[in-house]
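Summary of structural features
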Amino acid sequence: MSNIISFFQRIFKRGPDRETALGKFTDRYKQFKDLLEANAQIARILALLDTVYHGNKQLETVQIRHEILRGIAAARIMSDSLNALSGNRYTSLNDSLEHIAANIEKEMHACETEEVRVITLPLQQVDSSMASSVGAKNANLGELGNIIKMPIPLGFAITTRAGELFLSKNPGLFDRIQRELTSIDIDDPSTVQTASNNILNAILKTPVPIDVAGAIIAAYDKIFCNQDVPVAMRSSAISEDGVQSFAGQYLSLLGVQRDGLLDAFKRVFASMYSARALSYRLVNGHELSSAGMAMVCLKMVRAQSAGVAFSRHPVNLRSNDVLINGVWGLGEAVADGSALPDEWLVSRATMTITREHIVDKLTRVVLRNESNADGTKGKLVQQVEEVEEMMKHLPCLTQEKVLAIAKAAIKLELHYQYPQDIEWAIDEDEQLLFLQTRPMGFDTTSADERTPELKDIKPVIRSAEVAAKGVACGKVMVMDPDEDMTHFPEGWVLVLTHSSPHATVVMQRACAIIAEVGSLTGHMASVCREYGVPTLINAPGASELLRDGQLVTVDAFKGRVFDGEIPELLELRISRPPVANTPAMAFMRRMAPHILPLHLVDPRGATFTPEHCTSLHDIMRFIHEKSYAEMFMLSDSVSDSSANVATRFAGSIPLDLYIIDLGGGLRDPDSNVCLQEDVTCYPFQFVLSGMLAPEVQAKGPRPINMRGFISVMGNSALGPSAGERFGDHSYAIISDRYLNFSSRVGYHYAILDSWCGKTVSKNYIRFEFAGGAAGSIQRERRVRCIGLILKELGFRVTIIADRVQARYQKYPRDQIAARLDQLGRLLIMTRQMDMLMTSEEAVQTFASNFLTGKYH
């Protein structure tokens, strides 16, 4: 007893060792936060790579490689954090992770091609295999001219080596760029513009290294036979003009002459960091530090007309036409959308023009020499001029040229095995030239637009989030996410209260899946896309709105569920664009087995071990599960050395409660005493609100059942052998979003561990209650009563003897908060509850009363 008194006397002494005493808690909490952040990062990476693998998003090989390496790095952070939390209980996890990483590295090495190390290359020496060094625009132009034998302008490629040397030989520039990129706040667009301006100014002030400058000038002189030929200096970034186009994000300079080549090189290089390019990378999930910038230097085409052709219609996926747009003059007005173009549709089957729409073309973009003050010709500049009256209403292409472009578009699609987006021009000699080709981007919303509105039919569920697209019809079966699903019938619709990786066992039998809560980056959503199962998530009340055996139609385009069979929806068939058979897709398919599959689906299964992890997905799943268990027992670390960091809670609750603030949990963490309003920890605020709810507070002595009281007294008299007796103090270890609450009072204990923030995938509650002074029958009745209450609140519950364990995870913050309030109430009401558990009827009665707010 004297030791306990001494302990609490030391609690109120705020000595210089506060930081030391707090250290072990803050260290573990930091490791846990790092683990959660790495888990969220790898979840996003896996979701991105999964969509790439199934052709729903396109990335280049270098981008896929980059994301995989980021995933491995995040997994290593998770593994290190878990071992730090557990005292290195999972060292074999590192072996499994490094084995997976070695397999990935081996596959990557097998896919590598020899990089070009020269600074420039004539386009005659370039083909599509060189994209990693010359960029996709150069690679495709080289392929057009050298392999497919289509006419292209004369020119040369400036490889990524030039940009590498520009940065490596100006190390201060590289450091400046990295500092500016680090300063960008994704939520503050002004920081993007500021960083972009600063980087542009820094690049323009930096000289081009002598070897780079010499190589560019020498290539220009050789290709154009020492004549001052106007050229276009165009970007050919590694990520550009591939299956994710970056169209319009980088710079093209027209009419560049010899003395302006080096300035043009710097300006195009700087466009990697333009505000729109940086914003595009942020939106599409790319790193701000670019993968590399190459350039193409092409002889200027003085175009009579120019435009764009699509080998497939980009919006109407059912169309079998080539779409061609064109204007008088340079094609920039088509590319940037500033001019209304002529339009043709050409049947791929008959090679006939099925539609011709000619508009009034009032202006055109041309290149003209400025006039110097002395009357001599100045530099070439773009100008907008009026079109001659007689030409305004004429088509900018003859039918012969329209059909020639259409034939070329189909030929390019056959060559690349993917629909193409092509830029063309007709020069002053009426020769057709091709300026670039790249994989098409399709309007992924077009299928949604064709989905019937069905205004006369009211959906049972609307506005759910689509996790995997499709339409299905079947009977409903509502299931608990953790129950045995082996009996799930073929062709039915699975309805869950929340998404769960356990659903993978039925995905080959389910025609559709609906979950009340879920995440697009979650395990289940990823696997649903892999299996092609139409899936809706975040459909509130689905388990109550839909009943077992009900026939429904699931519209996983517009997030709707209808009662009965809806033929108008079931007739809907999407003609999806083919998945590009590109080197990037081949690379992704080769990497996927080491990254995407999830084999560890049951945390209670015998194979849920580090040794059975064979993919990054497995590693993530294992660590995520085990980290909760480690943090759950955080309060076991409380000892005398923690005394000078605890703050006593002075609220009117029947507990001697002491709080340890890890950061952001209390208004004044140095205070000896705090009240409810001093607590800033979000989850703890709701637990306290439940504990201190007036309706929960006892208004007098609690009624005692004498038979239960005698049982408690009898077991207490037996001493420690009847059960372990704990101390009479409770702890809350808190931060702004984290709570670990432990109450060990008398012969029972309760532990509550929770994270509650804006990121749904991080949110969870874990709760455990066990023990008591009554006989085993009454203790077991109490935990069954608690289990009934928690199940009604949506928890997953496990009961073993007189111990109940419950979890509630991956729900929005408001739903987590509501359950924490209920747990606060339950913690107060469970005290001495075992004395009331004199019959099975008492179990049901108490649970029912609690859930209806009848606490006394």
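The structure this text deals with has already been given above.
Residues numbered from 1 in each chain as written. Predicted model: local features only at pLDDT ≥ 70, side-chain atom pairs only at ≥ 80, totals over all residues. Heavy atoms only, no water.

Digging into the state of the cysteines
All told, the structure shown has 0 disulfides when counted by the stated rule. Left unpaired, cysteine 681 is separated from the closest cysteine sulfur, that of cysteine 756, by 8.8 Å. (Disulfide = S-S within 2.5 Å.)

Looking at the packing of helix α23 (residues 776–792) against helix α25 (residues 840–851)
Viewed as axis vectors pointing N to C, α23 and α25 meet at an angle of 35°, and their least axial separation amounts to 9 Å. Where α23 crosses over α25, the handedness of that crossing is right-handed. Every residue of α25 that contacts α23 at Arg781, Arg784, Cys785, Leu788, Ile789 and Glu792 is listed here: Glu840, Val843, Gln844, Phe846, Ala847, Phe850 and Leu851. For the contact of α23 with α25, the per-class residue count stands at 8 nonpolar, 1 polar and 4 charged. (Axes fitted to C-alpha atoms, helices over the stretch in contact; angles between N-to-C directions. Helix = DSSP H or I, 4+ residues; strand = E, 2+ residues; numbered from the N terminus. Left-handed = near helix turned anticlockwise from the far one by under 90°. Contact = heavy atoms within 4.5 Å. Nonpolar A, V, L, I, M, F, W, Y, C, P; charged D, E, K, R; others polar.)

Examining helix α10 (residues 261–270)
Of all the 10 residues making up α10, 7 are buried; the element is thus mostly covered by neighbouring parts of the structure. Within α10 the residues assigned to the buried category are Leu261, Ala264, Phe265, Lys266, Val268, Phe269 and Ala270. (Buried < 20%, exposed > 50% of the residue type's maximum accessible area, 1.4 Å probe, protein only.)

So, the environment of aspartate 127
Here aspartate 127 is to be found in the loop between β1 (120–122) and α5 (131–147). For the pair formed by aspartate 127 and asparagine 146, sequence separation is 19 residues and the distance between their alpha carbons is 7.2 Å.

Remarks on the packing of aromatic side chains
Think of a pair of aromatic rings as described by two things: how far the centres are apart, and how the planes are tilted against each other in angle. According to the stated counting rule, one finds 14 aromatic pairs in the structure shown. Ring plane angle 40° and centroid distance 5.3 Å describe the contact between phenylalanine 795 and tyrosine 808, whose orientation is recorded as tilted. With phenylalanine 795 in the loop between α23 and β28 (796–800) and tyrosine 808 in strand β29 (residues 803–809), this residue pair connects regions lying 13 residues apart in the sequence. For phenylalanine 795, a relative accessible area of 4% puts it in the buried group. In this structure tyrosine 808 comes out as buried when scored by relative accessible area, which is 2%. Through successive ring pairs, a cluster of aromatic residues spans Phe32, Tyr738, Trp755 and Tyr764. We note arginine 813 situated over the ring of tyrosine 682; from NZ or CZ to the ring centre the distance is 4.5 Å. (Phe/Tyr/Trp six-rings, centres within 6.5 Å; stacked < 30°, edge-to-face > 60°. Lys NZ or Arg CZ within 6 Å of the ring centre and 35° of its normal.)

Things to note about the pairing of strand β19 (residues 551–556)
Counting buried residues in β19 gives 5 out of 6 residues, a clear majority hidden from the surface. Of the strand pairs in this sheet, β19 and strand β20 (residues 560–563) are connected by 4 bridges, and their pairing is antiparallel. Directly across from threonine 553, in β20, lies its bridge partner phenylalanine 562. Connecting β19 to the next strand, β20, in antiparallel fashion are 3 residues, including glycine 559 with a positive phi near 70°. (Pairing = 2+ DSSP bridges.)

Points about the side chain of glutamate 413
Mapping glutamate 413 onto the fold places it in helix α14 (residues 399–416). Taking the relative accessible area as the measure of exposure, glutamate 413 reaches 8% and is therefore buried. Here the side chain of glutamate 413 touches arginine 348 through a polar contact of 3.2 Å, side chain to side chain. In this structure glutamate 413 touches Ser311, Arg312, Arg348, Tyr418, Pro419 and Gln420, once residues within four positions along its chain are discounted. (Polar contact = N/O pair within 3.5 Å; in protein donor to acceptor, adjacent residues only side chain to side chain.)

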